[in-house]
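A look at the structure
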Amino acid sequence: LERTAASQRWRTALYVRDLSRGWEWSYHANDLFPAASLIKLPIMIGVFEKIQRGQLSLYSKLKLRRTTRMGGSGSLKWSRDGTSYTVRYLLEKLIKESDNTAMMLLLDEIGIGFLQQFFPQMGLVYTEINPEGLRLTSDSVRDENYTTAREMGTLLERIYRGEVVNGFASELMLDILKRKRSRSRLAKYLPPGWQIAHKTGLLRRSCHDASIVFSPHGDYVMVVLTGRVDNYPTAKDFIARLGRTTFKHYRGEDAPGVKAGGGFAR
């Protein structure tokens, strides 16, 4: 993994954690990267926290307005003004399609101010959310939404263990993350019979994937962040190759010079 990561001219961060054995391996996992659409993962958690507090329901209906319509990823941007959607439906769109209009509808309901206060309660020290950081411009912005590979990985592990908001919310979030429509990046070489729950991100020369991989030989978290990317398709394939390395490890296929079952530190 380190050899592959170091071979690229762009910035790379990796975080891998075995969820059964507690083994961990990282590479620049505390470095800051623009979050891109990975920010939608803690947004989803914030929505479930509002539900836990009794201030919202999965079946609450939110109405699309011109001010909540946003371009980029997702299909809801083509819907008519005044169309109503349940929070549950919007959460699925948020993750499965990375739908930006779904994100804006949910943010309009729960408030960015709430999330800015709630992020530290999630354990997020470096990850932040700012209105300007949500802009789709390819140019740099003053108040970027930064994150780290370790913080995204830690959030995913807590969801996996049922520790985010409550057990039911964590289970439902995990189910939504498993439904993401993607066969690229970390999902590209996923072996038959394995599952992946993940969220991708792509914006401002950053290309990411944050995942939980469910394998017959043990489940693990894997997060890959890239920055200063000059070619998105190449970056996606690069992330896929890193994923394939871990798939081979968990199937017991030796990498050159590495014994099966090795390569991790407790």
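Position numbers for residues count from 1 along each chain, tracking the sequence in the order it is written. Confidence filtering applies because this is a predicted model: local features only for residues at pLDDT of at least 70, side-chain atom pairs given and counted only at 80 or more, and all residues used for totals across whole chains, interfaces and linings. By convention in this description, side-chain values take in all heavy atoms of the structure and omit both hydrogens and water.

**Considerations on unusual backbone geometry**
Operational definition: Numbering goes from the N terminus for both helices and strands, where a helix is a DSSP run of H or I of at least four residues and a strand is a run of E of at least two. We call a residue buried when its accessible area falls under 20% of the maximum for its residue type, exposed when it is over 50%, and partly exposed in between, using a 1.4 Å probe and counting protein chains only.
If you check the backbone angles, Ala36 has positive phi at about 50 degrees while not being a glycine. You can see Ala36 is positioned in the loop between β3 (33-34) and α2 (40-52). Judged by relative accessible area, Ala36 falls into the buried class, the value being 14%.

**Considering the side chain of Lys180**
Rules: Charge convention: Lys and Arg are scored as positive, Asp and Glu as negative, and His as well as the terminal groups of each chain are ignored. What makes a salt bridge here is a side-chain nitrogen of Lys or Arg within 4 Å of a carboxyl oxygen of Asp or Glu, nothing more. Identification of polar contacts relies on pairs of N or O atoms within 3.5 Å, with a donor-acceptor requirement for protein atoms, meaning one able to donate a hydrogen and the other able to accept it, and with residues adjacent in sequence counted only if both atoms are side-chain atoms. Here, two residues are considered to be in contact whenever any of their heavy atoms come within 4.5 Å of each other.
Note on placement: Lys180 falls in the loop between α7 (167-178) and β7 (195-203). Despite being buried, Lys180 has no salt bridge partner; Asp209 is the closest side chain of opposite charge, sitting 7.5 Å away. Among the polar contacts listed, one links the side chain of Lys180 to the side chain of Thr200, at a separation of 3.4 Å. Ignoring anything within four residues of it in the chain, the contact list for Lys180 reads Ile95, Lys96, His198, Lys199 and Thr200.

**A few points about helix α4 (residues 100-110)**
Summarising burial for α4: 8 of the 11 residues are buried, a large majority. Regarding α4, the residues found buried are Asn100, Thr101, Ala102, Met103, Leu105, Leu106, Leu107 and Ile110. The elements touched by buried residues of α4 are α2, β4 (61-63), β5 (84-86), α3 (87-96) and α5 (112-118). Its side-chain oxygen placed 2.9 Å from the backbone nitrogen of Thr101, Asp99 serves as the N-cap of α4. Directly after α4, the chain includes Gly111, whose backbone phi takes a positive value near 90 degrees.

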